[in-house]
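One-letter residues, chain by chain:
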Amino acid sequence: MTTTKHAIVIVGYGGMGSYHAKLIKDNNYLEVTGTYDILENRRTASIEAGYPAYESYEEVLGDSAVDVVLIATPNDVHKELALQAFKAGKHVICEKPVTLSVQDFKEMVAAADEAGRVLMVHQNRRWDEDFLTIKQMYNEKTIGDLFRIESRVHGANGIPGDWRHLEQHGGGMLLDWGVHLLDQILFMVDSRITSLSSRLSFILGDEVDDGFEANLQFENGVSAVIEVGTTNFITLPRWYVKGTEGTGVIEDWSLNGRVVSRNQDAVKVEPTPIQAGVGLTKTMAPPSEEATITGTLPEPFRNSSSFFDNFAAVIEGKSEPIVKNEEVLRVLNLIDAVFESGRTGETLKDFDIYPA
């Protein structure tokens with residue numbers, strides 16, 4: 001049985017645009033039939049990769065064979081391009097962050113609804129195995145109830161690229177990587193945030209943040225640290241989590257890590273004091289070998305379909321989106337709160353990021 005593939009044109013054939021083309025190449029339901037970019041060298045690169053390059057965005061929108069526009073441009077033009085696509089009757093996949101303000105996103109959603117088209121935001125880090133492993137530990141209580149979740153991405157290369165250094169284009173690491181980590185924590189912890197404090201980093205002298213740290217307290221008792229750094233020559237673990245029965249760590253995206261849990265069958269033995277610096281401590285002495293069990297990370301539950309498979313099923317009316325627009329709106333509201341706390345130095349209390 002032959003499946004007719006939905007035709008996609010990628011708008012913005014830079015690093016992410018070309019990456020999308022590779023991801024879609026083997027998809028059973030979608031096919032990249034062309035690209036559009038304002039830069040000549042990228043149009044040339046597209047043609048060399050086997051994808052015809054449109055001469056204008058109007059030409060893309062006027063092509064009745066095009067079903068979907070995938071927007072992979074700088075952040076500040078996402079809204080304009082999406083609104084034009086909906087008006088032309090196209091579905092839209094949009095790179096993250098979907099736009100630079102909550103109001104702009106609401107207008108995009110309204111335009112999609114009015115046109116009867118689908119808008120899905122490429123929050124692809126929901127498919128990362130490291131995240132899915134921690135989510136599995138949270139859901140299954142592998143080490144008891146998780147009450148502390150630390151999520152970090154660290155590098156030492158500064159802010160990448162060109163436009164990501166500029167505020168007008170929506171640059172900075174909160175919008176670049178923070179949008180992923182904040183989406184992950186909200187997707188995992190279904191609870192109201194009762195307090196938030198954050199700090200933005202401007203060590204490198206750019207007009208946008210080169211990193212940030214956000215501390216979240218949830219109503220269900222979970223606390224979370226979300227951190228992005230671009231000046232870290234020694235990186236901290238990707239994930240560090242504490243549960244009522246143990247501790248887990250994932251060092252990197254290669255899933256190097258372990259779980260250390262309480263041995264329920266061991267007889268409790270008081271720790272022997274150790275020499276610590278110039279003093280003794282029993283509190284910080286390691287537990288006896290019998291008191292804990294060191295194990296491997298659990299096998300994560302994986303999403304049954306990829307982002308692109310899910311998108312195809314959604315536009316065909318066969319599935320609900322894995323990345324829902326109301327969830328994207330929550331993330332944008334949370335990003336605004338992180339910016340506000342970081343700029344004012346204030347801790348925000350009992351604010352609502354969950355729209356009605």
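Just above, that's the structure.
This write-up is about the structure you can find in this document. The shown structure was predicted, so the numbers you read here are calculated from the model rather than taken from an experiment.

Bringing the overall build of the chain into the picture now. Regarding its fold elements, the chain presents 9 helices and 16 strands. Radius of gyration (C-alpha) of the chain: 23 Å, near the 21 Å computed for a compact globule of 356 residues. By its C-alpha atoms, the chain is 75 × 50 × 45 Å across when sized along the principal axes. Counting every position in the chain, which comprises 356 residues, the buried fraction comes to 49%. By sequence separation, contacts in the chain at least 24 residues apart represent 69% of the contacts at least 6 residues apart. Here the chain has roughly 17,700 Å² of accessible surface; of this, 49% comes from carbon and sulfur atoms.

Another aspect to go through is the nonpolar core. With 49 residues, the main nonpolar core has Y57, F105 and L119 as its most contacted residues. Residues contacting L119, with those up to four places away along its chain left out, are F86, V92, C94, F105, M108, V109, A112 and N325. If you look at the next biggest cluster of nonpolar residues, it comprises 47 residues, including M137, L181, I193 and L348.

So, on to the packing of aromatic side chains. Taken as a whole, this structure holds 7 aromatic pairs when the rule is applied. With centroids separated by 6.4 Å and ring planes inclined at 35 degrees, the aromatic side chains of F131 and F187 adopt a geometry described as tilted. In this pair, F131 is assigned in helix α6 (residues 129-140) and F187 in helix α7 (residues 173-188), connecting sequence segments 56 residues apart. Here K135 stacks its cationic end above the ring of F187, 5.3 Å away from the centre of that ring.

Pairing within the open sheet is parallel, and its 5 strands lie in the order β2-β1-β3-β4-β5. Each end of this open sheet is capped by a strand with a single partner; those strands are β2 (30-36) and β5 (119-121). For this sheet, the mean angle separating the axes of adjacent strands, direction not counted, is 25 degrees. Sheet analysis places strand β1 (residues 6-11) next to β2, joined by 6 bridges and oriented parallel. Paired with H6 across the bridge in β2 is L30.

With that settled, consider the environment of A313. Along the polypeptide, A313 turns up in helix α8 (residues 307-315). Taking C-alpha positions, A313 is 60 Å from T272, a pair spaced 41 residues apart along the chain. The contact partners of A313, leaving out residues within four places of it in the chain, are K318 and S319.

This part covers the sheet that holds strand β8 (residues 211-218). Here we have 9 strands laid out as an open sheet, ordered β15-β12-β11-β10-β6-β9-β8-β7-β16, and mixed in their pairing. Edge positions in the open sheet fall to β15 (292-295) and β16 (348-349), since each of these has one partner strand only. The pairing of strand β7 (residues 193-201) with β16 spans 2 bridges and is classified as antiparallel. Residue S195 lies in a different strand from β16, and its bridge partner there is K349. Strands β6 (146-154), β7, β8, β9 (223-229) and β10 (239-243) of the sheet are contacted by α7, whose axis makes an angle of about 155 degrees with β9. Where helix α9 (residues 325-344) meets the sheet, its contacts fall on β7, β8 and β16, and the angle it forms with β7 comes to roughly 60 degrees.

With that settled, consider α7. Spanning 16 residues, α7 covers 22 Å between terminal C-alpha atoms, matching the ideal 22 Å at 1.5 Å per step. In α7, a bend of some 40 degrees at V179 exceeds every other bend along the element.

Further remarks concern the packing of α7 against α9. Running from N to C, α7 and α9 point in directions that differ by 120 degrees, and their axes come no closer than 9 Å. In terms of axis orientation, α7 runs oblique to α9. When the axes of α7 and α9 are compared, the crossing they make is right-handed. Residues L174, L175, V179, L182, D183, L186 and F187 of α7 lie in contact with α9, whose contacting residues are E327, R330, V331, L334, I335, V338 and F339. Looking at the contact of α7 with α9, its residues break down into 11 nonpolar, no polar and 3 charged.

The subject of this paragraph is the side chain of D176. Turning to its location among the elements, D176 is positioned in helix α7. A polar contact is formed between the side chain of D176 and the side chain of R164, at a distance of 3.0 Å.

Turning to the pattern of salt bridges, a few remarks are in order. On inspection of all chains with the given rule, the structure shows 18 salt bridges. The partner of D104 in a salt bridge is K79, and the shortest N-O contact between them spans 3.0 Å. A residue pair is termed long-range when its members are at least 10 positions apart, and D104 in helix α5 (residues 102-115) and K79 in helix α4 (residues 78-87) qualify at 25 residues. The partner of R152 in a salt bridge is E150, and the shortest N-O contact between them spans 2.7 Å. The network of salt bridges with shared partners includes R148, E150, R152 and E227.

What counts, and at which threshold
- Counting restarts for each chain, with residues numbered from 1 along the sequence as it is written.
- Owing to the predicted nature of the model, reporting of local features is limited to residues with pLDDT of at least 70; listing and counting of side-chain atom pairs is limited to 80 or more, with chain, interface and lining totals taken over all residues.
- As a rule here, side-chain values come from all non-hydrogen atoms in the structure, and water together with hydrogens is ignored.
- To qualify as a helix, a DSSP run of H or I must reach at least 4 residues; to qualify as a strand, a run of E must reach at least 2; elements of each kind are numbered from the N terminus.
- Our radius of gyration looks at C-alpha atoms and nothing else; its globule reference is 2.2 Å times the residue count to the power 0.38.
- With a 1.4 Å probe rolled over the protein chains alone, any residue whose accessible area is under 20% of its type maximum counts as buried; one over 50% counts as exposed, and the rest are partly exposed.
- Only heavy atoms enter the contact rule, under which two residues are in contact if any of them lie within 4.5 Å.
- The method behind every accessible area is Shrake-Rupley, applied with a 1.4 Å probe, and residues are considered shielded solely by the protein chains displayed.
- For the purposes of this section, nonpolar cores are sets of buried Ala, Val, Leu, Ile, Met, Phe, Trp, Tyr and Cys residues that join through side-chain atoms within 4.5 Å.
- Any two of the Phe, Tyr and Trp rings considered here, Trp counted by its six-membered ring, make a pair once their centres fall within 6.5 Å; the pair's planes then place it as stacked at under 30 degrees, edge-to-face at over 60, or tilted in between.
- In this analysis the charged atom, NZ for Lys or CZ for Arg, is taken to sit over a ring once it is within 6 Å of the ring centre and within 35 degrees of the ring normal.
- Here a strand pair is declared whenever DSSP counts at least two bridges between the two strands.
- An axis is simply a line fitted to the C-alpha atoms; with a helix, the fit covers only the stretch in contact. Between two such axes, the angle follows the N-to-C directions and lies from 0 to 180 degrees.
- To estimate the expected span of a helix, subtract one from its residue number and multiply by 1.5 Å.
- The seven residues ending at a residue and the seven starting there each receive a fitted axis; the angle between those axes is the bend at that residue.
- Angle categories are assigned with fixed cut-offs, so that under 35 degrees is roughly parallel, over 145 is roughly antiparallel, 65 to 115 is roughly perpendicular, and the rest are oblique.
- Take the far helix as the reference: if the near one is turned anticlockwise from it by less than a right angle, the crossing is left-handed, and if turned clockwise, right-handed.
- Note on residue categories: nonpolar means Ala, Val, Leu, Ile, Met, Phe, Trp, Tyr, Cys or Pro, charged means Asp, Glu, Lys or Arg, and polar means any other residue, Gly included.
- Any pair of nitrogen or oxygen atoms within 3.5 Å is treated as a polar contact; in protein, a donor-acceptor pairing is required on top of that, and neighbouring residues in sequence qualify only through side-chain atoms on both sides.
- Salt bridge criterion: a side-chain nitrogen from Lys or Arg within 4 Å of a carboxyl oxygen from Asp or Glu.

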